[in-house]
Amino acid sequence: MTLLKSHFEQVFDRIHKAESACQREGEVKLLAVSKTKPAEMVREACELGQREFGESYLQEALVKIDALSDIHDIVWHFIGPIQSNKTRDIASHFHWVHSVDRLKIAKRLNDQRPDELPPLNICLQVNISGEASKSGVTLDNLEALAKAVAELPNLSLRGLMAIPAPAPDKEQQRIPLRAMKQALETINQTLGLNMDTLSMGMTDDLEAAIEEGSTMVRIGTALFGARTYSNQQSR
Ligand SMILES: *Cc1c(COP(=O)(O)O)cnc(C)c1O
């Protein structure tokens, strides 16, 4: 068995155990975060049956998307910070964007989504731990942003995403994750939306995230190993 295959088996085992612990069998999707990893590794993951991949750096992602264009059913998710000058390529090459945190970016993605493609799936990134330096809309401004984004015809508002601040233990991890679930339910109810996606849970908090209602965990390190960054990398 290859190393990658054993890593996938370990991660699926963690997901299945966490789902069972809260009677949520089969409800959680695995998004394999392949940022900084080569196209050949993504191809190997495809051979194991994986189809959903997350990327954070646009230039790097575009090279991989092109290299793997022979695999027609890959679902590409953009999960990194978005600058205005990157929206056109994101809107035309990705199926999902998890990191929308302001209306200006949402409008650009909406305007630049090619006509022949279905609406772009969107998660709003929430700064759930209230860290001053971090991306994400604050809870206070989330409802207004959701309302505006839901009205954009070339976007499909699917849910919320968060990268909580690191926490020392599982009980501490649960607090922001629970607040995300609460926010999703409140906004669905208040605005009459049916957002169905909670994008939360990474290598270190996968179990807590699933137990608190995650529907999509974004896993990089546990699948592909530690990342090394180079200065050459275009962010
Ligand atoms: C890199 C990254 C991940 C994966 O994190 P791991 O801890 O390596 O599993 C998940 N989500 C986002 C937004 C990321 O940038």
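Values in this document were obtained by computation on a predicted structure and should not be read as measured data.

### As for the UniProt feature "modified residue: N6-(pyridoxal phosphate)lysine" (unreviewed entry) in the protein
- Using the residue numbers shown here, the UniProt feature "modified residue: N6-(pyridoxal phosphate)lysine" (unreviewed entry) corresponds to Lys35.
- Within the element layout of this structure, lysine 35 appears in the loop between β1 (29–33) and α2 (39–47).
- Among the residues examined, lysine 35 registers a relative accessible area of 15% and is labelled buried.

### Some points on the layout of surface pockets
- Counted as a void, the largest pocket has a volume near 800 Å³.
- Along the wall of the largest pocket there are 37 residues; nearest its centre are Lys35, Ile163, Met202, Arg218 and Arg227.
- For the lining of the largest pocket, the secondary structure elements donating two or more residues are β5 (120–126) and β8 (216–219).
- Residue classes in the lining of the largest pocket are distributed as 17 nonpolar, 11 polar and 9 charged.
- By volume, the second largest pocket amounts to about 310 Å³.

### Remarks on the environment of alanine 165
- Here alanine 165 is to be found in the loop between β6 (155–162) and α7 (170–191).
- When the C-alpha positions of alanine 165 and proline 176 are compared, they lie 8.7 Å apart, and in sequence the two are 11 residues distant.
- Not counting residues up to four positions away in its chain, the partners in contact with alanine 165 are Ser129 and Glu131.

### Here we look at the site of the ligand
- The full set close to the ligand counts 13 residues, and Lys35, Thr203, Arg218, Thr221 and Arg227 are the nearest of them.
- At 2.8 Å from an oxygen atom of the ligand is found a main-chain nitrogen or oxygen belonging to glycine 220.
- Within the side chain of arginine 227, an N or O atom sits 2.8 Å from an oxygen atom of the ligand.
- When the ligand is considered free in solution it has 390 Å² of accessible area, and contact with the protein chains removes 90% of it.
- When atoms are counted within 2 Å of each cavity's grid points, the one that captures over half of the ligand is the largest pocket.
- The residue inventory of the shell around the ligand, partitioned by class, reads 6 nonpolar, 4 polar and 3 charged.

Thresholds applied
- Residues numbered from 1 in each chain as written.
- Predicted model: local features only at pLDDT ≥ 70, side-chain atom pairs only at ≥ 80, totals over all residues.
- Heavy atoms only, no water.
- UniProt positions renumbered as here; feature names shortened; annotations may be inferred.
- Helix = DSSP H or I, 4+ residues; strand = E, 2+ residues; numbered from the N terminus.
- Buried < 20%, exposed > 50% of the residue type's maximum accessible area, 1.4 Å probe, protein only.
- 1 Å grid on protein atoms, 1.4 Å probe; cavity = no way out; pocket = protein on both sides within 12 Å on 5 of 7 lines; lining within 4 Å.
- Points joined across faces, edges and corners; volume = space filled by probe spheres on them.
- Nonpolar A, V, L, I, M, F, W, Y, C, P; charged D, E, K, R; others polar.
- Contact = heavy atoms within 4.5 Å.
- Near = heavy atom within 4 Å.
- Polar contact = N/O pair within 3.5 Å; in protein donor to acceptor, adjacent residues only side chain to side chain.
- Areas by Shrake-Rupley, 256 points an atom, 1.4 Å probe, with all protein chains shown as cover.
- Sits in = over half its atoms within 2 Å of the grid points.

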